[in-house]
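Listed below are the residues making up each chain.
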Amino acid sequence: MPIKEACGLLGIYSSQPDESIARTVYYGLFALQHRGQESAGIAVSDTRSIKYHKGIGLVSEIFSEEDLEDLKGKMAIGHVRYSTTGSNCLSNAQPLVVKYHSGELAIAHNGNLVNAYELRNDLEENGAMFHTTTDSEVIAALIARSRKSLIEAVIECMEKIRGAYSLLLMSKDKLIAIRDSNGFRPLCIGSYNGSYVVASENVAFDTIGAEFLRDIEPGEIVVFDENGISSHKVITSRKSLCVFEFVYFARPDSVIDKVSVYQTRWKAGAILAREHPVDADLVVAVPDSGNVAAIGFSDTSHIPMGMGLIKNRYIGRTFIQPSQRIRNLGVRLKLNPLKDLINGKRIVLVDDSIVRGTTMGQIVKMLKDSGAKQVHVRISSPPITHSCYFGIDTSTRRELIASCHDVESIRKLLDADSLGYLSIDGLIESIDMKEKDLCIACFTGEYPMQIPREGRKYLFEKR
Ligand code: AMP
């Protein structure tokens, strides 16, 4: 299986009943589409009951005018999904809607739990029935089965679950936003027209015309209800924001925990140019993932940058292709080299990361077939040597090319003239944040908490 990325969340608590609340969530999810392209959904509460619509595919494919018209209310939560636990099927799409002692509860989750298997076993032994194969339903079940008040149930649940979770919960009269105590995944609050908005990334606020208020703190529970906004901080632990949000996940126009993603990527490219200088004629980015780092590399090395690879903007991810043969074709469908620009030149090819090595090998070949004299690959993050258990579906370590090859063997496999990765120190320097506040386990294998055995994405399907 390919690696995949975390999900996206958007919630709105409106001061007044809002006829167009679902449409606003829809536009917000559109801005977060890069965080998940497998399925999407919106749930709305009119303070009496919860209605929802969800489906498989892109946001633009799932919701018709009628679907959005039908979802009226005072609060809403939305989700775009890329699976990390559980396959891509409609029953696994979110928000999940479950019953609890005071009515219905909708839940949307970004992240991945490391103890979902054990918790689900316990719950099943105590009579719980599960309808999905996701770890998110374990969270929903823990909260829904509690006899306590919703906030107490949430706190109790947070004491049991371990791993990455940014969460939105919606009961008939409350919207609750939660960020796990490590703060693995981002979550922030904005406001517009007297309403509150919560989103995975602040770019969603720009799209819907909301103003950024603040990031939600690791371990914080923020409640929006008729009394306004209140905050509870219950569990604290070492912060470990996912470094890959800066490397690849987040949009460059987002700011996470006060750090600009664009600045980070530019700096990573600049430091990469200092760490791995090369005599060349043209810097070419792998669009779009390498764009910003390539600008930083070009600005620092004074090697001009050109659009040597043109991306077909209508193509989805090569990542969703099932077989290696189709995946290989996928890169050609997505990228086309600009032969006139490349012919006879020594190229510096910049991308953000190499995962399995499929993409980069093919791009190097494309450039050479287009007449490039030399291709020097520069990667604006260190070699990925370890799987992620906190929201990136890297499946097994075996699939990661850098887990079993050193840099020189990877260079040979890519058929590149040289290969340079950003160092771990260089990556940390590029992010204006303390190293101790970041999870860099995919580059070091030093996980911020105990991890389960490998390859457990389909663990609930196998039962
Ligand atoms: P690979 O062919 O497996 O080496 O994939 C590397 C390409 O995938 C690079 O262009 C990255 O920008 C991109 N990439 C990195 N992380 C992810 C991810 N989590 N999901 C999808 N694509 C990714």
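Residues numbered from 1 in each chain as written. Predicted model: local features only at pLDDT ≥ 70, side-chain atom pairs only at ≥ 80, totals over all residues. Heavy atoms only, no water.

Our focus in this paragraph is the overall build of the chain. If you tally the helices and strands in the chain, you get 17 helices and 23 strands. Entry remark: accessible area of the chain is about 18,400 Å², with carbon and sulfur atoms responsible for 50%. Computed over 55 positive and 57 negative side-chain charges, the separation of the two mean positions in the chain equals 4 Å. (Helix = DSSP H or I, 4+ residues; strand = E, 2+ residues; numbered from the N terminus. Areas by Shrake-Rupley, 256 points an atom, 1.4 Å probe, with all protein chains shown as cover. Lys, Arg positive; Asp, Glu negative; His and termini not counted. Charge placed at Lys NZ, Arg CZ, Asp CG, Glu CD.)

Spatial ordering of the open sheet is given by β3-β2-β4-β1-β10-β9-β11, a layout of seven strands whose pairing is antiparallel. Of all the strands in the sheet, just β3 (50–56) and β11 (211–215) have a single pairing partner and so form its edges. Sheet twist, expressed as the average angle between the axes of neighbouring strands with direction ignored, equals 15 degrees. Alignment of strand β1 (residues 8–18) against strand β10 (residues 195–199), held across four bridges, turns out to be antiparallel. If you follow Leu10 over to β10, its bridge partner there is Ala199. The strands touched by helix α1 (residues 21–31) are β1, β2 (39–45), β4 (73–81) and β9 (188–192); relative to β4, the strand with the most contacts, the crossing angle is about 25 degrees. (Pairing = 2+ DSSP bridges. Axes fitted to C-alpha atoms, helices over the stretch in contact; angles between N-to-C directions. Contact = heavy atoms within 4.5 Å.)

Under the domain assignment used here, the chain contains domain 1 (7–240) and domain 2 (259–438). On a C-alpha basis, the centres of domain 1 and domain 2 stand 33 Å from each other. At the interface, 15 residues of domain 1 touch 11 residues of domain 2. When the two sides are added together, the surface that domain 1 and domain 2 hide from each other amounts to roughly 1,100 Å², 54% of it contributed by carbon and sulfur. Here domain 1 is connected to domain 2 by zero salt bridges. Where domain 1 meets domain 2, there are four residue pairs in polar contact (both at pLDDT 80 or more). Taken together, the residues of the side of domain 1 that touches domain 2 sort by class into four nonpolar, eight polar and three charged. (Domains from an automatic or database assignment. Buried area = accessible area lost by both parts, 1.4 Å probe. Salt bridge = Lys/Arg side-chain N within 4 Å of Asp/Glu carboxyl O. Polar contact = N/O pair within 3.5 Å; in protein donor to acceptor, adjacent residues only side chain to side chain. Nonpolar A, V, L, I, M, F, W, Y, C, P; charged D, E, K, R; others polar.)

In an α-helix, one full turn covers 3.6 residues, which means residues spaced three or four apart are oriented alike. In terms of residue burial, helix α5 (residues 136–144) counts as a mostly covered element, since nine of its nine residues are buried. The complete set of buried residues in α5 reads Ser136, Glu137, Val138, Ile139, Ala140, Ala141, Leu142, Ile143 and Ala144. (Buried < 20%, exposed > 50% of the residue type's maximum accessible area, 1.4 Å probe, protein only.)

Another aspect to go through is the sheet that holds strand β20 (residues 346–351). On the basis of which strands lie adjacent, the open sheet formed by four strands has the order β17-β20-β21-β22 and parallel pairing. Of all the strands in the sheet, the pair left with one neighbour each is β17 (282–285) and β22 (418–421). Taking the axes of each pair of neighbouring strands and ignoring which way they run, one obtains an average angle of 20 degrees across the sheet. As paired elements, β20 and strand β21 (residues 374–379) share six bridges and run parallel to each other. Within β21, the position partnered with Val348 by the bridge is His376. The sheet contacts of helix α10 (residues 291–301) involve β17, β20 and β21, and relative to β17 the element is tilted by about 165 degrees.

Let us now look at the environment of Leu123. Position of Leu123 among the secondary structure elements: in helix α4 (residues 116–125). Counting along the chain gives 18 residues from Leu123 to Ala141, while the straight-line C-alpha distance between them is 7.9 Å. In this structure Leu123 touches Ala128, Phe130, Val138, Ala141, Leu142 and Arg145, once residues within four positions along its chain are discounted.

All right, on to the packing of helix α9 (residues 261–275) against α10 then. Between α9 and α10, whose axes approach to 7 Å, the crossing angle comes to 45 degrees. One finds that α9 runs oblique with respect to α10. In this structure, α9 meets α10 at a crossing whose hand is right-handed. Where α9 abuts α10, its residues Tyr262, Arg265, Trp266, Gly269, Ala270, Leu272, Ala273 and Arg274 lie against Val292, Ala293, Ile295, Gly296, Phe297, Asp299, Thr300 and Ser301. Each residue belonging to the contact of α9 with α10 can be placed in one class, and the counts come to nine nonpolar, four polar and three charged. (Parallel < 35°, antiparallel > 145°, perpendicular 65-115°, else oblique. Left-handed = near helix turned anticlockwise from the far one by under 90°.)

A contiguous nonpolar patch, built from Met307, Ile310 and Leu338 and spanning about 270 Å² of accessible area, is present on the exposed surface. Residue placement: Leu338 occurs in the loop between β19 (335–337) and α12 (339–342). (Patch = residues over 30% accessible without salt bridge, like charges linked within 9 Å, V, L, I, M, F, W, Y side chains within 5 Å.)

In this structure, Phe244, Phe246 and Phe390 are the most contacted members of the largest nonpolar core, which totals 49 residues. By residue number, the principal contributor to this core is α9, which donates five residues. Mapping this core onto the domain boundaries places at least three of its residues in each of domain 1 (7–240) and domain 2 (259–438). Sequence-distant contacts of Phe390, defined by excluding residues within four places in its chain, comprise Gly111, Asn112, Val114, Gly163, Ala164, Phe184, Arg185, Tyr447, Pro448, Met449 and Ile451. Among the nonpolar cores identified, the runner-up in size contains 33 residues, and Ile107, Leu119, Ala140 and Ala144 belong to it. (Core = buried A, V, L, I, M, F, W, Y, C linked by side-chain atoms within 4.5 Å.)

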